[in-house]
Amino acid sequence: MGADLDSAKSQSDEGALRKLFLGPLLERYSLLKNNDLITLAHYTSAKVLLDMLEKKEVWMRNARCMNDFSEIDYAKWCIQEYFRDEKRRDAFRLACENCHEGAFDFVSKLLDGHLPAIYNRTYISCLAQHDIEDDANGRLSMWRGYGGADVAVSIVLRKAAVIRDGSGPYGIQGYPVQYPKMDGLFEDLNRRRDIMVENKEEISSGSFEYFRNHLFGMFQVLLATIKHPGFSEENEWRLIYLPDLNPSKDMEKTKVQIALNGMPQSIYKIPVNGEKFNDDRAVTVDELIQGIIVGPCAEAGVAIAAIQDALMRANHRSAQKIVHFCGIPYRERL
């Protein structure tokens with residue numbers, strides 16, 4: 001990304017540019033890191049899980065193919081509405097210009113040029129934030145969303161292997177999703193404007209490029225992590241890869257084309273086979289998976305045994321202990 005968390009670390013954890021870049025997400029990172037009762041889980045079908053364990057890979061799919069067909073559209077619309085108001089636009093522009101002259105117009109043109117890439121080529125892996133009760137039974141709304149003909153599973157992940165101070169494995173960025181109403185996003189943008197006003201001296205003492213990158217990165221993150229408030233129950237986190245803006249040679253080698261549910265699409269495959277990749281990080285199945293919850297189904301024992309066997313073949317040391325049935329007596333309508 002144009003402004004990633006590694007560059008933000010050159011300032012203090014609560015530095016002005018870090019606050020500008022992440023805004024309200026800072027509190028979410030702190031809560032995830034420090035609260036042992038919060039975990040992250042990936043809901044999918046048992047078939048996908050078995051494929052993942054056999055091939056030792058996790059997919060990243062195009063955001064435009066997710067359940068929310070308004071992905072990026074909603075965020076784009078809200079941001080455009082904010083800047084359509086002349087008073088708000090001028091105040092935000094002035095805050096930018098007082099930090100570094102020309103930054104607002106530079107970033108505006110940069111966003112206009114890159115918007116098609118952000119819109120059409122944002123790749124994500126979706127996670128749901130769990131509390132301790134969710135780790136026992138999963139979340140019924142998610143079982144319904146990933147139910148149907150296939151048995152669904154929830155893969156509870158080890159946080160340290162997925163989100164490391166804002167970055168996922170291999171430099172892929174990890175962020176919590178936000179579900180603001182329009183006025184809520186307006187308030188957030190106003191607060192970020194105020195950060196620039198209140199910290200003008202600190203920000204202007206740095207380079208134009210450093211400020212520009214954080215400002216551009218802020219809008220990239222907003223576009224990629226804002227969803228319609230109707231999806232707030234999902235409490236989603238996501239890993240994000242933007243190949244046109246921050247390409248990775250190793251990631252590009254994993255890109256393949258598939259037809260999923262009849263829809264042709266490109267995907268990226270994140271390896272979890274323990275081999276060093278991209279930024280010399282390595283993740284194994286054993287390091288990644290903390291537990292697996294089998295969703296509602298008639299033959300849970302059969303499913304659990306098969307998943308345990310697959311985990312053992314993938315060299316997970318606790319294969320016999322980490323798989324359990326959700327226990328929810330739910331099925332699709334007959």
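See the structure above.
Residues numbered from 1 in each chain as written. Predicted model: local features only at pLDDT ≥ 70, side-chain atom pairs only at ≥ 80, totals over all residues. Heavy atoms only, no water.

Asker: Just give me the short version of the side chain of Arg212, but keep the residues and values in it.
Answerer: When you line up the elements, Arg212 lands in helix α13 (residues 208-225). On the basis of relative accessibility, which here comes to 17%, the residue Arg212 falls in the buried class. What Arg212 contacts, discounting residues up to four positions off in sequence, is Phe106 and Val107. (Helix = DSSP H or I, 4+ residues; strand = E, 2+ residues; numbered from the N terminus. Buried < 20%, exposed > 50% of the residue type's maximum accessible area, 1.4 Å probe, protein only. Contact = heavy atoms within 4.5 Å.)

Asker: Any chance you could break down α13 for me, citing the residues and the numbers?
Answerer: What sets the pattern is the α-helix's 3.6 residues per turn: residues three or four places apart point alike. With 18 residues, α13 extends 26 Å between its outermost C-alpha atoms, agreeing within 8% with the 26 Å of an ideal straight helix rising 1.5 Å per residue. A large share of α13 lies buried, amounting to 15 of its 18 residues. (Expected span 1.5 Å × (residues − 1).)

Asker: Describe in detail the environment of Tyr175, supporting the description with residues and values.
Answerer: With respect to the helices, strands and loops of the structure, Tyr175 is situated in strand β5 (residues 173-176). In the structure, Tyr175 is positioned 146 residues away from Tyr29 in sequence and 8.3 Å away in space, judged by C-alpha atoms.

Asker: Please set out the pattern of salt bridges residue by residue, giving values where relevant.
Answerer: On inspection of all chains with the given rule, the structure shows 17 salt bridges. For the salt bridge of Asp134 with Arg139, the shortest nitrogen-to-oxygen distance reads 3.2 Å. Note on accessibility: Asp134 and Arg139 belong to one class, buried. One salt bridge connects Arg317 with Asp286, and the closest N-O pair in it is separated by 2.6 Å. (Salt bridge = Lys/Arg side-chain N within 4 Å of Asp/Glu carboxyl O.)

Asker: Tell me about the packing of aromatic side chains, and name the residues and values.
Answerer: Centre-to-centre distance and the angle between the planes together describe a pair of aromatic rings. Throughout the structure, instances matching the rule amount to 14 aromatic pairs. Here the basic side chain of Arg88 rests over the ring of Phe186, its NZ or CZ set 4.3 Å away from the ring centre. (Phe/Tyr/Trp six-rings, centres within 6.5 Å; stacked < 30°, edge-to-face > 60°. Lys NZ or Arg CZ within 6 Å of the ring centre and 35° of its normal.)

Asker: Summarise unusual backbone geometry; cite the residues concerned and give the values.
Answerer: The backbone phi angle of Lys56 is positive, close to 55°, even though this residue is not glycine. Position of Lys56 relative to the elements: it lies in the loop between α4 (46-55) and β2 (57-62). A positive phi is found at Ile72, a non-glycine position, where the angle reads about 75°. Within the secondary structure, Ile72 is located in the loop between β2 and α5 (73-84).

Asker: So what's going on with the packing of α5 against helix α11 (residues 182-198)? Which residues, and what values?
Answerer: To describe two helices that pack against each other, one gives the angle between their axes and the distance between the axes. In contact at an axis separation of 10 Å, α5 and α11 are set at 60° when each is read in the N-to-C sense. Relative to α11, the element α5 lies oblique. As α5 runs across α11, the sense of the crossing is right-handed. In this structure, α5 uses Tyr74, Trp77, Cys78, Ile79, Glu81 and Tyr82 to contact α11, whose residues at the interface are Met182, Leu185, Phe186, Leu189, Asn190 and Arg193. Here the residues of the contact of α5 with α11 are counted per class, giving 9 nonpolar, 1 polar and 2 charged. (Axes fitted to C-alpha atoms, helices over the stretch in contact; angles between N-to-C directions. Parallel < 35°, antiparallel > 145°, perpendicular 65-115°, else oblique. Left-handed = near helix turned anticlockwise from the far one by under 90°. Nonpolar A, V, L, I, M, F, W, Y, C, P; charged D, E, K, R; others polar.)

Asker: Give a detailed account of the side chain of Asn62, specifying residues and quantitative values.
Answerer: Counting through the fold element by element, Asn62 comes out in strand β2. The class of Asn62 is buried, set by a relative accessible area of 9%. Among the polar contacts listed, one links the side chain of Asn62 to the backbone nitrogen of Arg64, at a separation of 2.8 Å. At a separation of 2.6 Å, a polar atom in the side chain of Asn62 contacts the main-chain carbonyl oxygen of Asn120. Look past the residues within four positions of Asn62 in its chain and what remains in contact with it is Asn120, Arg121, Thr122, Tyr123 and Ser266. (Polar contact = N/O pair within 3.5 Å; in protein donor to acceptor, adjacent residues only side chain to side chain.)

Asker: Explain the environment of Asn67 residue by residue, including any values.
Answerer: Along the chain, Asn67 turns up in the loop between β2 and α5. What makes Asn67 exposed here is its relative accessible area of 55%. Separated by 164 residues in sequence, Asn67 and Phe231 place their C-alpha atoms 9.9 Å apart.

Asker: I'd like a rundown of the pairing of β2, residues and numbers included.
Answerer: Pairing of β2 with strand β8 (residues 263-271), which is carried by 5 bridges, proceeds in the antiparallel orientation. Directly across from Met60, in β8, lies its bridge partner Tyr268. In terms of strand pairing, β2 meets strand β3 (residues 123-130) through 2 bridges, oriented antiparallel. What sits directly across from Asn62, in β3, is Tyr123. (Pairing = 2+ DSSP bridges.)

Asker: An account of the packing of α5 against α13 is requested, with residue identities and associated values reported.
Answerer: Following both chains from N to C, one finds α5 and α13 inclined at 130°, their axes separated by 8 Å at the closest point. On the basis of the axis angle, α5 is oblique to α13. Side by side, α5 and α13 meet where Ala75, Lys76, Ile79 and Phe83 of the first sit next to Phe219, Leu222 and Leu223 of the second.

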